[in-house]
Amino acid sequence: MPKLNAKQAAIVSESEAASGSFLLPEGRYAAQLANVTEKEGNEYPYWVWEFTNLHNAEGDLVPGKQWNNVSTSPKAAGFMKATFEAFGFTERSDTDEMIGEYVVLHLVQNPIARGPRAGELRNAVARLAPFKEDEWDFDTEVSAPAKKSGRTASRKRDDF
């Protein structure tokens, strides 16, 4: 069974309890693609684009992940095209090739429509834009997982 070591336990003891969800301010965030999965939709499947290593406009790493759902419906083809273009890839590209690449997410806050958290605010991706490294004050190589592996590598954290 897992058990925290003494140093980890001391850090946890001094921390304030947190829940699994928090809200980022609206704005631009550089984010790294971690994963793309397909899920079943009502009429058409949709792709879930998962982003990690989010950096705010000042270049500071912020906690959390973001997701963007894009339908494979012909009516949503323009959204899928915009996603591929933001990464600098074509629609014939394999998303595995895109893992580890950065893009700019424009986050907004929207109320949750249904479910137990209905009415609470959540972050949503309003649009994606190409990432231009010279516009951001952080080193993409420091927080980059291994590329082209078909999966993302977890970052080693020194928090504990």
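Okay, so let's go over this structure. Every chain's residues receive numbers from 1 upward, in the order its sequence appears when written. A pLDDT threshold of at least 70 governs which residues receive local features in this predicted model, and a stricter bar of 80 or more applies before side-chain atom pairs are shown or counted, although totals over entire chains, interfaces and linings include all residues. Excluded from the side-chain calculations are hydrogens and water; all other atoms, namely the structure's heavy atoms, are used.

### Re unusual backbone geometry
Positioned with a positive phi, Asn53 is a non-glycine residue whose angle comes to about 50°. Within the fold, Asn53 resides in strand β2 (residues 46-55). Secondary structure follows DSSP: runs of H or I at least 4 residues long count as helices, runs of E at least 2 residues long count as strands, and numbering of each begins at the N terminus.

### With respect to the pairing of strand β3 (residues 66-71)
With burial as the criterion, only one face of β3 is covered, namely that bearing Gln66, Asn68 and Val70; the residues Trp67, Asn69 and Ser71 on the opposite face remain uncovered. Relative to β3, β2 runs antiparallel, the two being bridged by 6 bridges. Directly across from Phe51, in β3, lies its bridge partner Gln66. Partly exposed describes any residue whose relative accessible area lies between the buried limit of under 20% and the exposed limit of over 50%, with all areas from a 1.4 Å probe on protein chains only and scaled to the type maximum. Note: two strands are recorded as paired if DSSP finds a minimum of 2 bridges between them.

### Quick look at the nonpolar core
In terms of nonpolar packing, the biggest core is built from 22 residues, with Leu33, Trp49, Phe51, Phe87, Leu105 and Leu128 touching the most fellow members. Counting 7 residues, the second-largest nonpolar core is a separate cluster that includes Ala30, Ala129, Trp136 and Phe138. Each nonpolar core is a collection of buried residues, namely Ala, Val, Leu, Ile, Met, Phe, Trp, Tyr and Cys, held together in the definition by side-chain atoms within 4.5 Å.

### Description of the packing of aromatic side chains
Each Phe, Tyr or Trp ring, with Trp reduced to its six-membered ring, pairs with another whose centre is within 6.5 Å; inter-plane angles below 30 degrees give stacked pairs, above 60 give edge-to-face pairs, and intermediate values give tilted ones. Across all of its chains, the model carries 10 aromatic pairs by this definition. A centroid spacing of 6.2 Å and a plane angle of 25° characterise the contact between Phe131 and Trp136, whose relative ring orientation is stacked. The buried category is assigned to Phe131, whose relative accessible area is 18%. Summarising the aromatic geometry, the rings of Phe131 and Phe138 are spaced 6.0 Å apart at their centres and angled 50° between planes, so their arrangement reads as tilted. Comparing Phe131 with Phe138 shows no difference in burial state: the two are buried. An aromatic cluster of three or more residues is present, and its members are Trp47, Trp49, Phe51, Phe84 and Phe87.

### Side note on the environment of Gln32
The residue Gln32 is located in strand β1 (residues 27-39) in this model. Of the polar contacts made by the side chain of Gln32, one reaches the side chain of Asn53; its length is 2.4 Å. Pairs of N or O atoms are called polar contacts if they sit within 3.5 Å, as long as, within protein, a hydrogen donor faces a hydrogen acceptor (for residues adjacent in sequence, only side-chain-to-side-chain pairs).

### Regarding a negative patch on the surface
A patch consists of residues whose relative accessible area exceeds 30% and which take part in no salt bridge; residues with like charges are grouped when within 9 Å of each other, and nonpolar side chains (Val, Leu, Ile, Met, Phe, Trp, Tyr) when within 5 Å. We get accessible surface area from the Shrake-Rupley algorithm with a probe of 1.4 Å; when it comes to residues, only the shown protein chains can shield them. Every case where a carboxyl oxygen of Asp or Glu lies within 4 Å of a side-chain nitrogen of Lys or Arg is listed as a salt bridge. A residue counts as positive if it is Lys or Arg and as negative if it is Asp or Glu; His and the chain ends are not included. Charge placement uses NZ in Lys and CZ in Arg. For Asp and Glu, CG and CD serve respectively. The grouping of Glu133, Asp134, Asp139 and Glu141 at the surface amounts to a negative patch. With respect to the helices and strands, the residue Asp139 is situated in the segment after β5 (121-130). On the accessibility criterion, Asp139 (42% relative accessible area) is partly exposed.

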